[in-house]
Amino acid sequence: MLVERPRRSRRPRRPTEGVTSTSGGRESSTPSLPIPPAGDTPRAGSAQAGATRASSARTPQRPNGQPRSVAAERAATPPRPPAAAAGPSAPKRPGGRARTAVAAAVEATRSAGPRPAAGGQTAVLPDTHPDASGRRASPVGGSGGDGTAGSRAGSPPGPPTDRTTSPAALVRPPVDRRPLARKMALLAAVLGLVVALLSLPVVAAVGLFAKGSADHFLGLPSELVTPPLPQSSVILASDNSVIATLRGAENRIVVPGNQIPKVMREAIVAIEDSRFYEHGGVDPQGVLRAALRNSESGGVAQGGSTLTQQYVKNVLLQNARTAAEREVAAGDSLDRKIQELRYALDIEKRFSKDEILERYLNIAYFGDGAYGVGTAAEHYFGVPISQVNVQQAALLAGLVQSPSRYNPAAHPQAALMRRNTVLDKMAENNYISPTQADADKQVPLNVVPAPPPAADSCVTSSAPFFCDYVRSQLQASPALGSTLEERNRRIYEGGLVIRTTLDPQVQQAAQDAVNSTIPPDNRVSATEVVIQPGTGNILAMAVNRVYGPDVASNQTVVPLPTKATFQPGSTFKTFVLAAALEQGYGTSTAFYSPACYVSKKFPLDRGEGDCAKGYSNSAESEAGIYDIPRGTWDSVNTFYVQLAEKVGIPAVLEMAKRLGVSPPQADKIGSTDGATAIGGGQYMYVAPLQMADAYATIAAGGLRCTPRFATGVVDSSKTAIDIANGSQCEQVLAKGIADTVSSVLEGVPINGTGRNAAIGRPSAGKTGTTDGFSAAWYVGFTPQMTAAVSVGDPTGAEQHPLRNVVANGRAWPEVFGGDLPAIIWGKSMRAALAPLPVEPLPDADPTAARGTKGGLQNTPPPPPPAPAPIPGLPGVLQDLGQQVAGAIQGGRQPGAGQNGGAQNGAGQNGGAQNGGGQNGGQGGGGGGGGGQNGGRR
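Predicted model only: the values in this text are computed from it and were never measured.

Undergrad: Mind showing me how you'd approach the overall build of the protein here?
TA: In terms of regular secondary structure, the protein is built from 31 helices and 25 strands. Here the protein, with 937 residues, has 51% of them falling under the buried criterion. For the protein, contacts bridging at least 24 residues in sequence account for 72% of all contacts bridging at least 6. Surface summary for the protein: the accessible area is close to 40900 Å², and the carbon and sulfur share equals 54%.

Undergrad: Explain the nonpolar core here, please?
TA: One broad rule of soluble globular proteins: the nonpolar side chains tend to lie buried together. Counting 92 residues, the largest nonpolar core has Phe466, Ile498, Phe575, Met691 and Phe709 as the members making the most contacts within it. Here the element with the most residues in this core is helix 24 (residues 688-699); it accounts for eight residues. Those residues in contact with phenylalanine 575 that sit more than four places away from it in its chain are Val652, Met655, Ala656, Leu659, Val661, Met691 and Ala694. In terms of nonpolar packing, the next biggest core, distinct from the first, is built from 59 residues, Leu224, Ala267, Ile268 and Ala329 among them.

Undergrad: Looking at this model, I keep getting lost on the side chain of aspartate 634. Mind explaining?
TA: Structurally, aspartate 634 can be placed in the loop between helix 21 (628-633) and helix 22 (637-647). Residue aspartate 634 is classed as buried on the basis of its relative accessible area of 3%. Here the side chain of aspartate 634 touches arginine 630 through a polar contact of 3.0 Å, side chain to side chain.

Undergrad: Which parts of the structure should I look at to understand the packing of aromatic side chains?
TA: Here the structure, examined in full by the defined rule, presents 11 aromatic pairs. Ring centres of phenylalanine 572 and phenylalanine 575 lie 4.8 Å apart, and the angle between their planes is 80°; this geometry places the pair in the edge-to-face category. The exposure class of phenylalanine 572 is buried, given its relative accessible area of 0%. For the ring pair phenylalanine 639 and tyrosine 640, a centre distance of 5.3 Å and an interplane angle of 80° mean the geometry is edge-to-face. Positioned above the aromatic ring of phenylalanine 351, the side-chain terminus of arginine 359 is 4.0 Å from the ring centre. In this structure, arginine 810 packs its charged tip against the face of tryptophan 812, placed 3.6 Å from the ring centre.

Undergrad: What's the story with the state of the cysteines in this structure? I'm lost.
TA: Covalently bonding the sulfur atom of one cysteine to the sulfur atom of another cysteine gives a disulfide. Counted according to the given criterion, the structure contains three disulfides. The disulfide bridge from cysteine 596 ends at cysteine 611, spanning 1.8 Å between sulfur atoms. Measuring handedness by torsion sign, the sulfur bridge of cysteine 596 and cysteine 611 sits at about 80° and is right-handed. Here cysteine 611 lies in the loop between strand 15 (596-597) and strand 16 (615-616) and cysteine 596 lies in strand 15, a separation of 15 residues in the sequence. For cysteine 596, a relative accessible area of 32% corresponds to the partly exposed category. For cysteine 611, a relative accessible area of 10% translates into the label buried. Between the sulfur of cysteine 705 and that of cysteine 729 lies a disulfide, 2.0 Å long from S to S. Residues cysteine 705 and cysteine 729 are joined through a disulfide that is right-handed, its torsion about the S-S bond being 110°.

Undergrad: Mind showing me how you'd approach the pairing of strand 14 (residues 590-593) here?
TA: Residues Ala590 and Tyr592 point to one face of strand 14 and Phe591 and Ser593 to the other, with burial holding for every one of them. When strand 14 meets strand 17 (residues 624-627), the two strands line up antiparallel, connected through four bridges. From the neighbouring strand, alanine 590 faces strand 17, where its bridge partner is aspartate 627.

Undergrad: So what exactly am I meant to see when it comes to the sheet that holds strand 21 (residues 764-769) here?
TA: Two pairing modes exist for strands in a sheet, parallel and antiparallel, and in both the strands are linked by backbone hydrogen bonds. Strand order in the open sheet formed by five strands is 13-12-23-22-21, with antiparallel pairing between adjacent strands. One side of each edge strand has no neighbouring strand; the edge strands of this open sheet are strand 13 (538-543) and strand 21. Averaged over all pairs of adjacent strands, the angle between strand axes in this sheet comes to 5°, irrespective of strand direction. With seven bridges connecting them, strand 22 (residues 775-781) and strand 23 (residues 786-792) associate as antiparallel partners. Looking at the pairing, alanine 775 lines up with glycine 792 of strand 23. The strands touched by helix 19 (residues 504-517) within the sheet are strand 12 (525-531) and strand 13, with strand 13 carrying the most contacts at an inclination of about 25°.

Undergrad: Hey, could you run me through the confidence of the model for the protein in this one?
TA: Reading fine detail from the predicted coordinates is not recommended where pLDDT is low. In this model, the protein carries an average pLDDT of 77, and 67% of its residues clear a pLDDT of 70 or more. In the predicted structure, residues 194-212 sits below a pLDDT of 50 and forms 42 contacts with residues beyond four places in sequence or in another chain. Per-residue pLDDT stays below 50 along residues 887-936; that stretch engages in 94 contacts with residues further than four places along the chain or on separate chains.

Undergrad: Any chance you could explain the sheet that holds strand 7 (residues 233-236) here in plain terms?
TA: In space, the four strands of this open sheet follow the order 8-7-11-19, with mixed pairing throughout. Strands at the two margins of the open sheet, each flanked by one partner only, are strand 8 (242-246) and strand 19 (710-714). Sheet twist, expressed as the average angle between the axes of neighbouring strands with direction ignored, equals 15°. Of the strand pairs in this sheet, strand 7 and strand 11 (residues 497-500) are connected by three bridges, and their pairing is parallel. Residue leucine 236 lies in a different strand from strand 11, and its bridge partner there is arginine 499. On the sheet, helix 17 (residues 464-475) packs against strand 7, strand 8 and strand 11 and is oriented at approximately 120° with respect to strand 11.

Undergrad: How should I be thinking about the packing of helix 20 (residues 573-582) against helix 25 (residues 735-745) in this particular structure?
TA: Two numbers describe a pair of packed helices, the interaxial angle and the distance between the axes. At a minimum axis separation of 10 Å, helix 20 and helix 25 run at an interaxial angle of 135°. Relative to helix 25, helix 20 is oriented oblique. Like other packed secondary-structure pairs, helix 20 and helix 25 cross with a definite hand, here right-handed. Facing Thr574, Leu577, Ala578, Leu581 and Glu582 of helix 20, the residues of helix 25 in contact are Ile737, Thr740, Val741, Val744 and Leu745. In terms of residue class, the contact of helix 20 with helix 25 is built from seven nonpolar, two polar and one charged.

Undergrad: Explain the pairing of strand 7 to me, please; I cannot follow it from the model alone.
TA: Here is the key point about a regular strand: its side chains alternate between the two faces of the sheet. Neither face of strand 7 is open: one carries Ser233 and Ile235, the other Val234 and Leu236, and all of them are buried. In the sheet, strand 7 pairs with strand 8 via four bridges, with the strands oriented antiparallel. Bridging from a neighbouring strand, isoleucine 235 pairs with alanine 244 of strand 8. Hairpin connection from strand 7 to strand 8: five residues lie between these consecutive antiparallel strands, with asparagine 240 at a positive phi of about 70°.

Undergrad: When you look at the pattern of salt bridges in this model, what are you seeing that I'm missing?
TA: Tallied over the entire structure, the rule returns 22 salt bridges. Of the charged contacts, one joins lysine 262 and glutamate 266 as a salt bridge, the two residues approaching to 2.3 Å between their closest N and O atoms. Residue lysine 262 and its partner glutamate 266 are both found in helix 7 (residues 262-272); the two are separated by four residues, about one turn of the helix. Across the pair arginine 606 and aspartate 771 runs a salt bridge, and its minimum N-O distance is 3.5 Å. One end of the pair, arginine 606, is in the loop between strand 15 and strand 16; the other, aspartate 771, is in the loop between strand 21 and strand 22, with 165 residues separating them in the sequence. Residue class for arginine 606 comes out partly exposed when judged on its relative accessible area of 40%. Among the residues examined, aspartate 771 registers a relative accessible area of 61% and is labelled exposed.

Undergrad: Quick question: what am I supposed to make of the environment of lysine 657 here?
TA: Structurally, lysine 657 is set in helix 23 (residues 649-659). Classification of lysine 657 as exposed rests on a relative accessible area of 58%. Between the C-alpha atom of lysine 657 and that of phenylalanine 575, which follows or precedes it by 82 residues, the distance is 9.4 Å.

Rules and cut-offs
Residues numbered from 1 in each chain as written. Predicted model: local features only at pLDDT ≥ 70, side-chain atom pairs only at ≥ 80, totals over all residues. Heavy atoms only, no water. Helix = DSSP H or I, 4+ residues; strand = E, 2+ residues; numbered from the N terminus. Buried < 20%, exposed > 50% of the residue type's maximum accessible area, 1.4 Å probe, protein only. Contact = heavy atoms within 4.5 Å. Areas by Shrake-Rupley, 256 points an atom, 1.4 Å probe, with all protein chains shown as cover. Core = buried A, V, L, I, M, F, W, Y, C linked by side-chain atoms within 4.5 Å. Polar contact = N/O pair within 3.5 Å; in protein donor to acceptor, adjacent residues only side chain to side chain. Phe/Tyr/Trp six-rings, centres within 6.5 Å; stacked < 30°, edge-to-face > 60°. Lys NZ or Arg CZ within 6 Å of the ring centre and 35° of its normal. Disulfide = S-S within 2.5 Å. Pairing = 2+ DSSP bridges. Axes fitted to C-alpha atoms, helices over the stretch in contact; angles between N-to-C directions. pLDDT = per-residue confidence, 0-100. Parallel < 35°, antiparallel > 145°, perpendicular 65-115°, else oblique. Left-handed = near helix turned anticlockwise from the far one by under 90°. Nonpolar A, V, L, I, M, F, W, Y, C, P; charged D, E, K, R; others polar. Salt bridge = Lys/Arg side-chain N within 4 Å of Asp/Glu carboxyl O.

Set out below in structure tokens:
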């Protein structure tokens, strides 16, 4: 930055008079300029010194090559004649000094020596300008308002010039060059004036001429703060495909310069700033031309801003945070325009022409909500900017002047005419041939109809509910800012690239499964969340709903995958099982489980029904002796209530929390709330994501990995943001316990209530049906994937139970967990696991399966007394029936061979199944004789 040195005070001197000399047979008269005192001599290497050297060519030299001294010059100067002897002064030109200043800018552009500028360009500074007679005068004190040879105020005019004097007689006096800052002052003044002419009446502009002084211009800030452009953030799947674009007020994706084709650059230069590669940020020719046009029209008929100036204005608008700041940045005040010029000159020093053009094309608004040329190309033509052709580039270039007026969607004819104007300009500037321009003008616009931008960025996502989850996690991350406002600004304007864990193939499989089983227009919702065991990576989130705010059209923005909307039902029994095994209860642990069980530890009073004060099974016929495997496979409620009595409700809740499930109101669940053991109660609501997390922990051998949505996040400057720190895993359950739970659950899709979830490869899971059929679940896993499926009416599960539901091609009077949820799970997993190899589930740990406690834990009620014998054949039949009943009852006792085989074989899953085969063959094929009812929990 140039800084003027303070001037030393000096006494006024009489101006030197013109000296006539002859040179080359031509005569001229040049007024001498004041010679600065020694103290004002520019220092070597300074800008002022450069100006002095530039003027030395016209300074008379002594024979030894040194400049003549001041005394010698004065001695050679004849005295000036009296004022009366002076000839008549030249007539004044219209416009006075202001007109002369404008002429100075024109002459500066045409003939003044170029000054090197940034990027190999030249910036022109006005040096001298011609007066009315064609003579050259100094810009400072060198010419009066009438164009005559200059003199100081009060001094008599010099003698008339004898134009017949031979050039040899001319002697050029030493020229006093002002510091370079004074020259820049004149440039600022002239440019300030002509810029003012663009928006102000001529007379008013002349009055503001003084604002362009050097002190004012050089005192302005020169370095424009250019923060990263606000641009949309993108959410990418694990294969780098785009899941969603998070758009803020400005829909912009910044593209690097090497992706902007040459034809796009040529189009914008041709129509907006044809001298872009020639000027130094401010184009005096363009400004003066626009000023004259605007003065003639009385308005703003033509703009004079260069692309650099337009870029500066866009940055100032971008930096404005308040309405008042934006008004100032967008205004036409002279102060703002002068500041704009100052910034433009500095921009040209700091960046190359191609960098400036790249920045301009990324910041410019192209209408219809598209900011930046990359976004505009996608928006209008559905192609990346690197693929636009000549006609498309011309249309985009024509939009920046007035995006609304030339919007091809709203005003196609105006857009067509504007595009053709750009093509003509490209031909005029030799970027294309006139023949090509004429041919291109015959091509229609071919604009791709674009849907109106959605208010919510996730509405158009390929995985909208996952998009919503990612966004909520970012909004809660302190790494993006200390306030929600700051975090939202970075999410929507920070150009974040969020690489997520979502697997598009798994997502598609889950989405197809929920939609094909329960259509999106059904009142019943179906939600599935898939997690990878051992990493916590979320692979899919699918809901059979269109994500959106139109509730009347069955849309929803409720985050069903992550919101605790439904009770888990019997899927919660898995936590009772894990807690029991951890406390030493082996798989041989058995209970006589009646159809209705009244618990002294967990008192209950329903007030009505056949089992008003107790816990009941799915069917009254579900009664008998059940061990852990069979009680789990058939999902017997009265068995698990008794097991929870042994374990304790606090231990069950603690186990669930450890594995990843914590109901929002878990603190309100008391130690006597026995409904917790079977996934019921007024405070027992869970989210599918939580259930998938917990079962994934079991599948991973007790290693819990916090659900993870992202593998990496970077901002627009490619700086990593501390959001995705890799898998966060912790061993929360002994591997032996987890593997034993897994082996028990493996029997559910084979021999139990989850047969609809069988997928032809090893899998484990648990069904869940809530009281009154308010919701139904299936949560299961393979070694590679865990998925939780919930089904219910999200408008009110208890008020709108799963009765008379039409789905999957049939009507369902009642929906159990083994019905629609298991069907959805099986469909999705078969498709998602298709490319993966078959892997076995782990065997039960023998120590954990044996435990330290086991066997029958209660005493079955005595058999009813035998009826009195009936003589004859009926009596024989009666006796035979009693023997069969006794055999069946004996087969359910822990010591019986069949049941014992089930308990001992529970360590090896096949043995458990085979052992339970006998047990289930008679009691379990309907666990209580109920057949289907016994197999649907």
